Amino acid sequence: MNKVIIFSAPSGSGKTTVVNHLLATMPKLSFSVSATTRKPREGEQNGREYYFLEKEDFLQKINNNEFLEHEEVYKGLYYGTLKSEVERIWSQGKTVVFDVDVVGGLNIKKEFGDAALAVFLRPPSMDVLMDRLTKRSTEVEHQLKERLDKAKFEFQFETKYDSVLINDKLEDTFVNAEKLVTDFINS
Ligand code: ADP
Ligand code: 5GP
């Protein structure tokens, strides 16, 4: 069966860190590259972390029905999962991995049902989340506040996920994530 694995969490919880680890250690997995209108961060490459689009191009893709789901995740910033990514990855016989926000993750779960494993990644506390996001230094002050405010809303949805993974000590999180994913792929 073609399968998908969804990692969702408030910004700063560690999705990128955990997903990159899994991609590096499990060749069966392949990352679904989302489209976004946010500007690339230092080191990010078009087509690798995201397809970086102008807003007009993003809206055009919505009109063309190219998205499985899309959202204005933060004010003025659009993110969306392209249907073509899922087809591309499945055609290679691989399992799709998504790094999407909490609402997008539940929409994808609804689409794929039992073929999807939806994992909610949780930092040990709000204070730790704040600390990690601040230290990452990728957002200016008002964006940081927007992300933290949204996190409080997003925590309400964790019970709707198949699994909750607490990201405290990174080595433990990696081991637990590998086990979850391996069990799901072999099920
Ligand atoms: P997300 O993709 O969910 O926004 P990131 O993977 O970018 O989150 O992680 C946010 C920041 O926290 C990064 O700077 C990352 O290196 C750091 N981080 C992630 N997991 C841990 C952990 N378990 N302990 C300490 N720092 C972590
Ligand atoms: P960032 O700007 O930190 O890369 O991502 C911001 C948020 O958007 C994260 O929670 C990330 O998971 C989410 N995101 C990334 N791609 C998508 C997508 O295709 N759809 C949705 N709904 N959210 C996404």
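Located above this text is the structure these notes cover.
Here goes a summary of the coordinates provided. Treat the numbers as computed from the prediction; the structure is a model and nothing was measured.

1. Focus on the site of ligand 2
- Near ligand 2 there are 18 residues, and of these Ser-34, Arg-38, Tyr-50, Glu-69 and Tyr-79 occur at the shortest range.
- Contact distances for ligand 2 include 2.7 Å between a nitrogen atom and a side-chain N or O atom of Glu-69.
- Between an oxygen atom of ligand 2 and a main-chain N or O atom of Gly-80, the distance comes to 3.2 Å.
- Across the complex, the protein chains shield 96% of the 510 Å² of accessible surface that ligand 2 would expose by itself.
- Contributions of two or more residues to the shell around ligand 2 are made by strand E5 (67–74), strand E6 (77–82) and strand E7 (95–100).
- Here the shell around ligand 2 takes four residues from E5, the largest share from any one element.

2. With respect to the sheet that holds E6
- Pairing in this open sheet of four strands is mixed, and the strands run E4-E3-E6-E5 from one edge to the other. Edge positions in the sheet fall to strand E4 (50–52) and E5, since each of these pairs with one other strand and no more. Neighbour-to-neighbour, the strand axes of the sheet open up by a mean angle of 25°, direction not taken into account.
- Where E5 lies against E6, six bridges are found, and the strand directions are antiparallel. When the bridges of E6 are listed, Glu-72 appears paired with Tyr-78.
- Sitting on the sheet, helix H3 (residues 83–91) is in contact with E4, E5 and E6, with an inclination near 35° to E6.
- On the sheet, helix H4 (residues 102–112) packs against E5 and E6 and is oriented at approximately 165° with respect to E5.

3. What to know about the site of ligand 1
- Taken together, 13 residues are adjacent to ligand 1, and Gly-12, Thr-16, Thr-17, Arg-136 and Asn-167 come closest.
- Contact distances for ligand 1 include 2.6 Å between an oxygen atom and a side-chain N or O atom of Thr-17.
- Considered on its own, ligand 1 offers 560 Å² of accessible surface; in the complex 74% of this is hidden by protein.
- Put simply, the parts of the chain that give the shell around ligand 1 at least two residues each are helix H1 (15–25) and helix H5 (126–136).
- The biggest single contributor to the shell around ligand 1 is H1, with three residues.
- The class makeup of the residues in the shell around ligand 1 is two nonpolar, seven polar and four charged.

4. As for the side chain of Thr-37
- Among the structural elements, Thr-37 can be located in the loop between strand E3 (34–36) and E4.
- A distance of 2.9 Å separates a polar side-chain atom of Thr-37 from the backbone nitrogen of Tyr-78.
- Residues within four places of Thr-37 in sequence aside, it is in contact with Leu-53, Glu-54, Lys-55, Phe-58, Gly-76, Leu-77 and Tyr-78.

5. Comments concerning the nonpolar core
- In terms of nonpolar packing, the biggest core is built from 20 residues, with Ile-5, Phe-7, Val-18, Leu-22, Leu-29 and Val-181 touching the most fellow members.
- At the level of elements, strand E1 (4–8), H1, strand E2 (29–31), strand E8 (116–122) and helix H7 (170–186) are the ones that each hand at least two residues to this core.
- The leading source of residues in this core is H7, at five residues.
- The residues contacting Ile-5, other than those within four sequence positions of it, are Leu-29, Thr-95, Val-96, Val-97, Phe-98, Leu-117, Val-181, Phe-184 and Ile-185.
- Core analysis: the second largest hydrophobic core is formed by 18 residues, Ile-89, Ile-108, Ala-116 and Phe-120 among them.

Rules used throughout
- Residues numbered from 1 in each chain as written.
- Chains lettered and ligands numbered in written order.
- Predicted model: local features only at pLDDT ≥ 70, side-chain atom pairs only at ≥ 80, totals over all residues.
- Heavy atoms only, no water.
- Near = heavy atom within 4 Å.
- Polar contact = N/O pair within 3.5 Å; in protein donor to acceptor, adjacent residues only side chain to side chain.
- Areas by Shrake-Rupley, 256 points an atom, 1.4 Å probe, with all protein chains shown as cover.
- Helix = DSSP H or I, 4+ residues; strand = E, 2+ residues; numbered from the N terminus.
- Pairing = 2+ DSSP bridges.
- Axes fitted to C-alpha atoms, helices over the stretch in contact; angles between N-to-C directions.
- Contact = heavy atoms within 4.5 Å.
- Nonpolar A, V, L, I, M, F, W, Y, C, P; charged D, E, K, R; others polar.
- Core = buried A, V, L, I, M, F, W, Y, C linked by side-chain atoms within 4.5 Å.
- Buried < 20%, exposed > 50% of the residue type's maximum accessible area, 1.4 Å probe, protein only.

Everything listed here is a matter of geometry and, on its own, says nothing about what the molecule does.
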